[in-house]
Amino acid sequence: MFLIEIQGFLEVGDLRTRIECNHTETPNLGNCFKMEEFITPFVKMGLNCDETGLFSINYFINPHFKELIGESLGDTVEKRFEKLTNGEIKDSVKMIPLNRRYDKYFKEIQTFPNYKVSVTEQNSL
């Protein structure tokens, strides 16, 4: 939810675009442990569950995210992830590498079947 809130503050429509996929509804996507994905132009998050029923969260932050969303909102994103990685569930949260350019990945993933593309409404303050 905090990523959707962040997106609401952004003026550029492309930065308010998010991609979601519920893998429990599409079990044949190749990874039986992946449950849900949430992807923005600046962050990718996934909820997973292993064969023993333990949940985990993995995430990737675009290295250029502060250039995209600004210093202030970028600092907020960093603090939220820091809370996750140092809080009660710290053993279940892990930053993952992405082995390609994130901007290309974000554009590509929009064309995958079963991935839903939405645009967050802009907050009017």
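These figures come from a predicted structure and were not determined experimentally.

Draft legend 1. Structural view of the side chain of H23. In this fold, H23 is placed in the loop between β1 (17-22) and β2 (34-39). The class for H23 is buried, based on a relative accessible area of 6%. Here E37 takes part through its side chain, which lies 2.9 Å from a polar atom of the side chain of H23.

Draft legend 2. Here's a closer look at the packing of aromatic side chains. Under the counting rule described, the total for this entry stands at five aromatic pairs. Judged by centre distance (4.4 Å) and plane angle (25°), the rings of Y59 and F81 are stacked. Within this pair, whereas Y59 is found in strand β4 (residues 55-61), its partner F81 is found in helix α3 (residues 71-86), the two being separated by 22 residues in sequence. In this structure F81 comes out as buried when scored by relative accessible area, which is 2%. Aromatic pair F60 and Y102: ring centres 5.3 Å apart, planes at 35°, arrangement tilted. A residue pair is termed long-range when its members are at least 10 positions apart, and F60 in strand β4 and Y102 in helix α4 (residues 102-109) qualify at 42 residues. Of the two residues examined, F60 and Y102, each falls in the buried class. Feature note: the residues F2, Y59 and F81 constitute an aromatic cluster, connected by ring pairs.

Draft legend 3. Expanded view of the layout of surface pockets. Reported here for the largest pocket is a volume of approximately 240 Å³. What lines the largest pocket is simply V12, D14, L15, P41, N62, P63, H64, L68, Y102, D103, F106 and K107. Ranked by residue count, the leading element in the lining of the largest pocket is α4, at four residues. Residue composition of the lining of the largest pocket, by class: seven nonpolar, two polar and three charged. The volume enclosed by the second largest pocket comes to roughly 200 Å³. Together, E20, C21, N22, E36, E37, F38, M45, G46, L47 and I57 line the second largest pocket. Elements represented by at least two residues in the lining of the second largest pocket include exactly β1, β2 and β3 (43-49). Grouping the constituent residues of the lining of the second largest pocket by class yields five nonpolar, two polar and three charged.

Calculation rules
- Residues numbered from 1 in each chain as written.
- Predicted model: local features only at pLDDT ≥ 70, side-chain atom pairs only at ≥ 80, totals over all residues.
- Heavy atoms only, no water.
- Helix = DSSP H or I, 4+ residues; strand = E, 2+ residues; numbered from the N terminus.
- Buried < 20%, exposed > 50% of the residue type's maximum accessible area, 1.4 Å probe, protein only.
- Polar contact = N/O pair within 3.5 Å; in protein donor to acceptor, adjacent residues only side chain to side chain.
- Phe/Tyr/Trp six-rings, centres within 6.5 Å; stacked < 30°, edge-to-face > 60°.
- 1 Å grid on protein atoms, 1.4 Å probe; cavity = no way out; pocket = protein on both sides within 12 Å on 5 of 7 lines; lining within 4 Å.
- Points joined across faces, edges and corners; volume = space filled by probe spheres on them.
- Nonpolar A, V, L, I, M, F, W, Y, C, P; charged D, E, K, R; others polar.

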